[in-house]
Amino acid sequence: MVKSNALTLARRPRRNRRSAAIRHLTQETRVEIDDLIQPLFVREGRGAPEPVKSMPGVFRFSVSDLVRECRDIHNLGISAVAIFPCISPKFKDERGSYALSPDNLLFRALAAVKKEVPALLIIADVALDPYTSHGHDGLVDPQGDISNDETVNVLAKLAVLEAGAGADWVAPSDMMDGRVGAIRKALDRAGRIETGILAYSAKFASSYYAPFRDAVGSSKSAGTSALDKRTYQLNSANTREALLEARLDEEEGADVLMVKPAGPYLDVIHQLRSQTQLPIAAYQVSGEYAQIHAAAQKGWLELEGARDESLLAIRRAGADMILTYFAKDVAANLRKKN
Ligand code: PBG
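Computed from a predicted model, the values in this text were never measured in an experiment.

K.L.:
I tried to follow the overall build of the protein on my own but got confused; where do I start?
P.N.:
Within the protein one finds twelve helices and ten strands. Computed over C-alpha atoms, the radius of gyration of the protein comes to 21 Å, within 12% of the 20 Å expected from 2.2 N^0.38 for 338 residues, which places it in the range of a compact globule. Each principal axis of the C-alpha atoms in the protein carries an extent, and together these give about 80 × 45 × 40 Å. By the burial criterion, 51% of the 338 residues in the protein qualify as buried. A separation threshold of at least 6 residues defines the contact pool for the protein, and within that pool the share at least 24 residues apart is 74%. Accessible surface, the protein as shown: approximately 16400 Å² in total, 51% of it carbon and sulfur.

Rendered as structure tokens:
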């Protein structure tokens, strides 16, 4: 019915927002279970899962509970998990030697999950921070610098051991120069041509990692959650430098490029989308998760709404897959809806 005072408008964009049916049909971007990767923490010993205080709903699991959790996650339809070890302080030293020990907790966890839930894709970080007493991702030289080439050498060995234990993708998160190429070469030489490299290509020196450092215990050993990693992680102000890092990782043989954190760097994801044909991953990190939970606990934000919007934004920016601590909850919700 045309009302007498109706405007004559050729375009009424609100028509496409009138009903749920139209909104579904016109929706441009979606977050689907297939896009999600669940990060998980594993610790020594048996005992009940230990809650991570700064990350509500996140736990450090024993190996057997980790396997159970992975089975649940797989049953929800999630394709991949990223497993991080919380190493007991008595195994940490300056050089992170335990990283290459055959009894490394991470290798046991990878093997157990691969055996029990073989179809679940497993991602293992390649960096030394869970193992070093100072909490840095690399080896510290006598001048106090993080020694690039020596670190890369150790990381290449770690990646081969992770692949041997059951990791489908290894994920260098250290930001050393040349590590992707060195890891590719080492994997190939060890006959692991099928192991993929998910490169943390644009990993920024961010304040948003603090809860993660609590979860893996690297802040405890370093004495701070604000460890200064600015000589290797990217300057938050720099987009071109991030794109350069991504280009180098691609040239060195990375299979997937990652931007991290995600929410504060949507512009980087977006620009990388037009630079590369490779899949792009984004890591919604611990601090992004913690801030949504903290505000929701105070009653200042609605948890599910803020969560879903934060993930949609990352997809809209151009990420194909998202590592997020919300993965399991979102998958459970999506299942209920369908
Ligand atoms: C360490 C690593 C970090 C994260 C993943 N791998 C922290 C850091 O660089 O200090 C952060 C993940 C998160 O905050 O959720 N190599």
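K.L.:
So what exactly am I meant to see when it comes to the environment of glycine 196 here?
P.N.:
With respect to the helices and strands, the residue glycine 196 is situated in strand β7 (residues 196–203). Distance in space between the C-alpha atoms of glycine 196 and leucine 257 is 11 Å, their sequence separation being 61 residues. The contacts of glycine 196, once residues within four sequence positions are left out, are Asp168, Trp169, Val170, Arg184 and Asp255.

K.L.:
Looking at this model, I keep getting lost on the site of the ligand. Mind explaining?
P.N.:
Taken together, the neighbourhood of the ligand is formed by 17 residues, with Lys203, Arg213, Lys260, Ser286 and Tyr325 sitting nearest. One nitrogen or oxygen atom from the side chain of lysine 229 is found 2.7 Å from an oxygen atom belonging to the ligand. Within the side chain of serine 286, an N or O atom sits 2.7 Å from an oxygen atom of the ligand. In isolation the ligand exposes 400 Å². Once the protein is present, 100% of that is buried.

K.L.:
Whenever I open this one, the pattern of salt bridges confuses me. Can you help?
P.N.:
Should their charged atoms come close, side chains of opposite charge can pair. Within the structure shown, the criterion is met by 20 salt bridges. The partner of glutamate 44 in a salt bridge is arginine 108, with the nearest N and O atoms 2.8 Å apart. You can see glutamate 44 sitting in the loop between β1 (36–43) and β2 (50–51) and its partner arginine 108 sitting in helix α3 (residues 105–116), a full 64 residues away along the chain. Note on glutamate 44: relative accessible area 27%, which makes it partly exposed. Exposure remark for arginine 108: the relative accessible area of 36% places this residue in the partly exposed category. The partner of lysine 328 in a salt bridge is glutamate 69, and the shortest N-O contact between them spans 3.1 Å.

K.L.:
Honestly, the environment of leucine 105 in this entry has me stumped. Any pointers?
P.N.:
Its place among the elements puts leucine 105 in helix α3. In the structure, leucine 105 is positioned 62 residues away from arginine 43 in sequence and 7.4 Å away in space, judged by C-alpha atoms. Beyond its immediate sequence surroundings of up to four residues, leucine 105 is in contact with Val42, Arg43, Glu44, Val63, Pro85, Cys86, Ile87 and Tyr98.

K.L.:
Got a minute to help me understand the pairing of β1 in this structure?
P.N.:
Consecutive side chains along a regular strand alternate between the two faces of the sheet. Of all the eight residues making up β1, eight are buried; the element is thus mostly covered by neighbouring parts of the structure. In β1, alternate side chains face the same way, and those of Leu36, Gln38, Leu40 and Val42 on one face and Ile37, Pro39, Phe41 and Arg43 on the other are all buried. Judged from the two bridges that link them, β1 and strand β10 (residues 321–324) form a sheet pairing that is parallel. Across the sheet, isoleucine 37 pairs through a bridge with leucine 323, a residue of β10. Relative to strand β4 (residues 80–86), β1 is paired through seven bridges, and the arrangement is parallel. Following the sheet pairing, proline 39 is matched in β4 by alanine 82. With two bridges connecting them, β1 and strand β3 (residues 59–61) associate as parallel partners. The residue of β3 that forms the bridge with phenylalanine 41 is arginine 60.

K.L.:
Before we go on, may I ask you to explain the pairing of β7 in this structure?
P.N.:
Here β7 lies mainly inside the structure; eight of its eight residues are buried. Across two bridges, strand β6 (residues 169–172) lies against β7 in parallel orientation. Among the inter-strand pairings, valine 170 is bridged to a residue of β7, identified as isoleucine 197. Between β6 and its parallel partner β7, the chain crosses via helix α5 (residues 179–189), and the hand of that crossover is right-handed. Of the strand pairs in this sheet, β7 and strand β8 (residues 256–260) are connected by five bridges, and their pairing is parallel. Note on β8: the bridge partner recorded for alanine 199 is leucine 257.

K.L.:
Which parts of the structure should I look at to understand the side chain of glutamine 233?
P.N.:
Looking at the element boundaries, glutamine 233 is found in the loop between α7 (218–222) and α8 (240–251). Note on glutamine 233: relative accessible area 3%, which makes it buried. Setting aside residues up to four positions removed in sequence, glutamine 233 forms contacts with Asp137, Met175, Lys203, Phe204, Ala205, Ser206, Tyr209 and Arg213.

So, how was this worked out
Residues numbered from 1 in each chain as written. Predicted model: local features only at pLDDT ≥ 70, side-chain atom pairs only at ≥ 80, totals over all residues. Heavy atoms only, no water. Helix = DSSP H or I, 4+ residues; strand = E, 2+ residues; numbered from the N terminus. Rg over C-alpha atoms; globule rule 2.2 N^0.38 Å. Buried < 20%, exposed > 50% of the residue type's maximum accessible area, 1.4 Å probe, protein only. Contact = heavy atoms within 4.5 Å. Areas by Shrake-Rupley, 256 points an atom, 1.4 Å probe, with all protein chains shown as cover. Near = heavy atom within 4 Å. Polar contact = N/O pair within 3.5 Å; in protein donor to acceptor, adjacent residues only side chain to side chain. Salt bridge = Lys/Arg side-chain N within 4 Å of Asp/Glu carboxyl O. Pairing = 2+ DSSP bridges. Right-handed = clockwise from strand over helix to strand, strands pointing away.

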